[in-house]
Amino acid sequence: MNKAQPDISQGRPGGALSDSDAGQPGLARAEITFAVNGAAVSVNVPPLRRLSSVLRDELLLTGTKVGCDAGDCGACTVLVDGDPVCACLMPAASAAGASVTTVEGLANGRLSALQASFLAHGAAQCGICTPGLLVAATALLDKKAKPSEIEVQDALGGVLCRCTGYRKIVAAVMDASAQAASLDFRLPRSGHAIGSSPIRLDGVPKVTGGEKFGGDSFPADALAVLVIRSPHYHASFAFGDLDGWAKARPGIAGIFTAADIPGKNCFGVIGPFADQPALAEGLARFRGEAVALVAGEREAMLDLDLSDFPIRWTELPHLLQPCEAQAEGAALIHANRPANLLTKGFVERGDPETALADAAVTVTGAIETAYVEHAYIEPEAGHAYMDGDMLVVVACTQAPYMDRDDTAKVLGLPVDKVRIVPTATGGGFGSKLDVSLQPLIGLVAMRTGRPAALAYTRNESMMSTTKRHPAQMQATIGADAEGHVTGMIFSGDFNTGAYASWGPTVANRVPVHASGPYATPNYRAEGRAVHTHGPISGAFRGFGVPQATIMQETLYDELAGKLGIDRLDFRLRNCLRNGSETVTGQRLESGVGIAECLDALRPHWARAVADADAFNSANVDKKRGVGIASCWYGCGNTSLPNPSTIRVGIAASGEIILHQGAVDIGQGSNTVITQICADALGLPLENFRLKSADTAITPDAGKTSASRQTFVTGKAAEKAGRALREKILRFANVSEKASLQLEGSAIVIREGEAVRRVDLGALEADIHGFVFRAEETYDPPTLPLDGKGQGKPYAVYGYGAQIAELEVDLKLGTVKLVKITAAHDVGKAINPLLVEGQIEGGIAQGIGMALMEEYIPGRTENLHDYLIPTIGDVPPIETILIEVPDPEGPFGAKGLGEHVLIPTAPAILNAIRHATGVLVTKVPATPTRIRAAIREKEACR
């Protein structure tokens, strides 16, 4: 038995926990004077307190972000006497007498040219890394007004971004000087919002530092909360004298365990599978699981040493691999789940065994993928307080209504007594769908009557939150002599970790998609979600489809090779088209754009292959490869209800208020959904004011996941806009051909020569303060899957294909990406600039999955050891937007967010094989694995 290990049990108590402060009770303070943004300031703090903490907590300059407290992410970059530094690494004493510039100081009454350029180029998505990038780029531009791309990459290389893919950031910095003369951004006129690229409606706060994320607005009197977490994969535990320990430490307000939870200590995103306790009860099933909370005054918590916290652990045997967990006699992780199987998904069509036996050519393979960490730059953060008998939780999230329901259940409250107010969310990608700190800070607020605040450290965020499912997959695909696929069998074990999370969704979505966007008449696929004592695996941009696509697309290359058919032509020969039936028997009547994507890549493919041939004939130690891969993805929930509701109204003042409850995590839903509503209503964007997600005031627009917001919530916005327009036209007794115009507090309706002016102030307002209002719901038409997985799982699919060009050093195994060309069918590009940003960001994450990202519990729980792509790792990306409208989508639009990541990794793996002749079957394809595969090939000669 051993005591709690402090390296994994300490959170950031309402601010930044300074490692240099920790363990030094009564640390002396000093008066430190310096200048911030041109103004003299003086603070009385311990000299070793981090400058980032002083700026945020003492001076309330929260534009400086904290993403790691280790100098790894660069989000806290500020200028000190003109030079960029990581404020989290600089002691406050070192700033004495210096001049510090934060992002708030870059604008002087109006945006700087660089800030304007970021907006114009769409270089800010979620915005959490934007301040650090702007500050670092400002230092560069102060020295060189027109830097080269290499100079930009060098200057910004220490700042990580997880959303944008960096390409638009580079362009924005290089183009900043050109923006100096044009700082005014005009919104499109009425009826022309769709297809235009106005700046993000929420963009200005992202570049000025005004955006408030989860850790940016903690109440001054909030109790700080720390979480005690398991240092073991599997262990029982018992508490000692908690009261005595707390009483011996001034400033501690309370310790809370599972025994203090008043409701059902169990949560989960899918009700029938919910199995995770908010605080473990005597048994921890994974490393990082929360077991207790310590709450206290902020200053006391900053100095708190948890190494002697009264808890004793008994480490138990653990199972980390699905094969171990499913071995005969293996201990059950959950008593009610035999063989540690959470669930499985299944799709079968035709007779795949006979088809494979009769095929002219078959190929068989196996692929293993790793845990992948979401690595958003904003760790989970938020605060909670009681408003009368209402618990209010203000935190970053992707799913406010789901948070509300789970928090209410855990805390024993009616759902109408819990209010979730989402902050800006600094990246999510799926992991912020699950509740994290919401019930924890809610418990403290309820029990103490005080506001409670918690911001996860980078370490505890990475150890305790969900990951992409590791997968072990096998498949066989057959084709006839003409190159038409005749059959496929796929199976995959997906390591879902200790608790269910989104494991059922992955298990069910994978078999539907494992065929790729290709006609496969005979097919069987099974996906199994298996429990282990590993990290919880949940939603991550694709719900298992990226893993399955690696399996399928690498086998497609092998099939094409055996048949002697060009790899792109082979895909065109087999791709789905209008009228095709999918492996679930769904007939796709229209809107199938994969052939158009592949056709658009033809000239790029021919050029890339020719370039590779020329390069390879001239080089021995380095070889160039070209790879291609396709994708498809069903938008929204699989065969389940998936509604969104949008409310829009016109106030007596003439403002159009859009209750937009779809959480914008950087993808642009605040802007895109407003563009859709504006054109449906027939009034310009400039008249709209957003009321963002808040469970007390905004209708439920559903979770931000599964590429559903543009499609589902966008459709609801289209319906609401049209319904509001119809009410106004009916009131004015005019036809659909009439035009609308707002002039102050009046609305002007014109039809031909007739003009009617309606004084809105003279009309009676409803309970929402609207004189005209519409509220509409949209739920995509789907059908359940039967026992063989036959049915209509999705109403709309998106499609795409990508080409990867790269060079491999045959001696070192290193990969240099040369270019990626991406063609994606989005139905209708509502905002082309935001679409491009999504494509580039998804590709960057696909690069990480393919080449470098491998989360290893206990070893890569920080952004130093866990590698994500930096600004120098993402090559030029050429985007080709394909618009094959789907009649179900708003103005023909389809979802996009997940699709754009899916083809990248298989295209890269296929390009590595083209260059080297070897396929790396354990992903990521690190230099060590590439070199090992090359050596194995050479040894077999």
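Since we're looking at a predicted model, the values are computed, not measured.

Student: How do you make sense of the layout of surface pockets when you look at a structure like this?
Tutor: Think of a ball as big as a water molecule: rolled over the atoms, this probe shows where empty space is left. Computed from the structure, the largest pocket encloses a volume of approximately 920 Å³. Taken together, 42 residues make up the lining of the largest pocket; nearest its centre are Ile270, Trp502, Asn637, Leu640 and Lys703. Listed by contribution, the elements that provide at least two residues to the lining of the largest pocket are strand S13 (341-349), helix H12 (400-411) and helix H15 (503-513). Ranked by the residues each element gives to the lining of the largest pocket, the list is headed by H12, at six residues.

Student: Help me out: how do you make sense of the packing of helix H17 (residues 567-574) against helix H18 (residues 594-618) in this one?
Tutor: Helix packing geometry: the angle between the two helix axes and the distance between the axes. In the contact formed by H17 and H18, the axes pass within 10 Å of each other and the chain directions differ by 165°. Between H17 and H18, the interaxial angle falls into the category roughly antiparallel. Relative to H18, the crossing made by H17 is left-handed. Along the contact surface, H17 presents Arg567, Leu568, Asp569, Arg571 and Leu572, while H18 presents Ala595, Leu598, Asp599, Leu601, Arg602 and Trp605. Looking at the contact of H17 with H18 residue by residue, the class counts come to six nonpolar, no polar and five charged.

Student: In this structure, what is going on with the pairing of strand S5 (residues 83-86)? I would like to understand it.
Tutor: Two faces, one strand: in a regular strand the side chains alternate between the faces of the sheet. In this structure, strand S4 (residues 77-80) lies alongside S5, joined through four bridges in antiparallel fashion. By the bridge assignment, Val78 is partnered in S5 with Val85. Here S4 folds back onto S5 in antiparallel fashion, the turn holding two residues, of which Asp81 has a positive phi close to 50°.

Student: Where do I start with the side chain of His383 in this structure?
Tutor: Topologically, His383 is positioned in strand S16 (residues 381-387). Residues within four places of His383 in sequence aside, it is in contact with Ser217, Phe218, Pro219, Val392, Val393, Val394, Ile441, Ala452 and Ala453.

Student: Sorry if this is basic, but what is going on with the nonpolar core here?
Tutor: The nonpolar side chains of soluble globular proteins are, as a tendency, buried together. The biggest cluster of nonpolar side chains holds 158 residues, and the ones touching the most others in it are Phe118, Leu156, Val173, Phe490 and Ile908. When near neighbours in sequence (up to four residues on either side) are disregarded, Ile908 contacts Ala804, Leu806, Leu817, Ile847, Ala850 and Leu851. Of all hydrophobic cores here, the second largest spans 45 residues; its members include Val648, Ala662, Ile676 and Ile747.

Student: Which parts of the structure should I look at to understand the sheet that holds strand S22 (residues 485-497)?
Tutor: Within a sheet, neighbouring strands are paired by backbone hydrogen bonds and run either parallel or antiparallel to one another. Pairing is mixed across the open sheet formed by six strands, whose spatial order is S13-S23-S22-S21-S14-S35. Both edges of this open sheet fall to S13 and strand S35 (922-923), since each of them pairs with a single strand only. Relative to S35, strand S14 (residues 361-369) runs parallel, the two being bridged by two bridges. For Thr369, the partnering residue across the bridge sits in S35 and is Val923. Against the sheet, helix H16 (residues 545-563) engages S14, strand S21 (471-479) and S22, with an angle of about 150° to S14.

Student: I'm lost on the confidence of the model for the chain in this one. Help?
Tutor: As a note on interpretation, predicted positions should not be read in detail where pLDDT is low. Averaged over every residue, the pLDDT of the chain is 95; residues scoring 70 or more account for 97%. Scored below 50 in pLDDT, residues 1-10 makes 33 contacts in the model with residues more than four places away or belonging to other chains.

Student: When you look at empty space enclosed by the protein in this model, what are you seeing that I'm missing?
Tutor: Evaluation of the coordinates by the stated rule reveals eight cavities of 30 Å³ or more. Residue lining of the largest cavity: 35 residues in total, with Gln667, Ser707, Gln838, Leu896 and Gly897 positioned closest to the centre. Among the secondary structure elements, those contributing two or more residues to the lining of the largest cavity are helix H19 (669-681), helix H20 (709-732) and helix H21 (832-851). The greatest single-element share of the lining of the largest cavity, amounting to three residues, is contributed by H21. In the lining of the largest cavity, the residues fall into 14 nonpolar, 16 polar and five charged. Estimated volume of the second largest cavity: approximately 260 Å³.

Student: Honestly, the packing of aromatic side chains in this entry has me stumped. Any pointers?
Tutor: Describing an aromatic ring pair means giving the distance of the ring centres and the angle of the ring planes. Following the criterion strictly, the structure yields 13 aromatic pairs and no others. Look at Phe286 and Tyr499: their rings are 6.1 Å apart centre to centre, the planes differ by 80°, and that puts the pair in the edge-to-face class. Highlighted residues: Phe286 in the loop between strand S10 (283-284) and strand S11 (290-296) and Tyr499 in the loop between S22 and H15, separated in sequence by 213 residues. Taken as a pair, Phe286 and Tyr499 share a single burial class, namely buried. Through a chain of ring-to-ring contacts, the aromatic side chains of Phe237, Phe239 and Trp313 assemble into a single cluster. It is Arg229 that lies over the ring of Tyr456; its NZ or CZ is 4.9 Å from the centre.

What counts and how
Residues numbered from 1 in each chain as written. Predicted model: local features only at pLDDT ≥ 70, side-chain atom pairs only at ≥ 80, totals over all residues. Heavy atoms only, no water. 1 Å grid on protein atoms, 1.4 Å probe; cavity = no way out; pocket = protein on both sides within 12 Å on 5 of 7 lines; lining within 4 Å. Points joined across faces, edges and corners; volume = space filled by probe spheres on them. Helix = DSSP H or I, 4+ residues; strand = E, 2+ residues; numbered from the N terminus. Axes fitted to C-alpha atoms, helices over the stretch in contact; angles between N-to-C directions. Parallel < 35°, antiparallel > 145°, perpendicular 65-115°, else oblique. Left-handed = near helix turned anticlockwise from the far one by under 90°. Contact = heavy atoms within 4.5 Å. Nonpolar A, V, L, I, M, F, W, Y, C, P; charged D, E, K, R; others polar. Pairing = 2+ DSSP bridges. Core = buried A, V, L, I, M, F, W, Y, C linked by side-chain atoms within 4.5 Å. Buried < 20%, exposed > 50% of the residue type's maximum accessible area, 1.4 Å probe, protein only. pLDDT = per-residue confidence, 0-100. Phe/Tyr/Trp six-rings, centres within 6.5 Å; stacked < 30°, edge-to-face > 60°. Lys NZ or Arg CZ within 6 Å of the ring centre and 35° of its normal.

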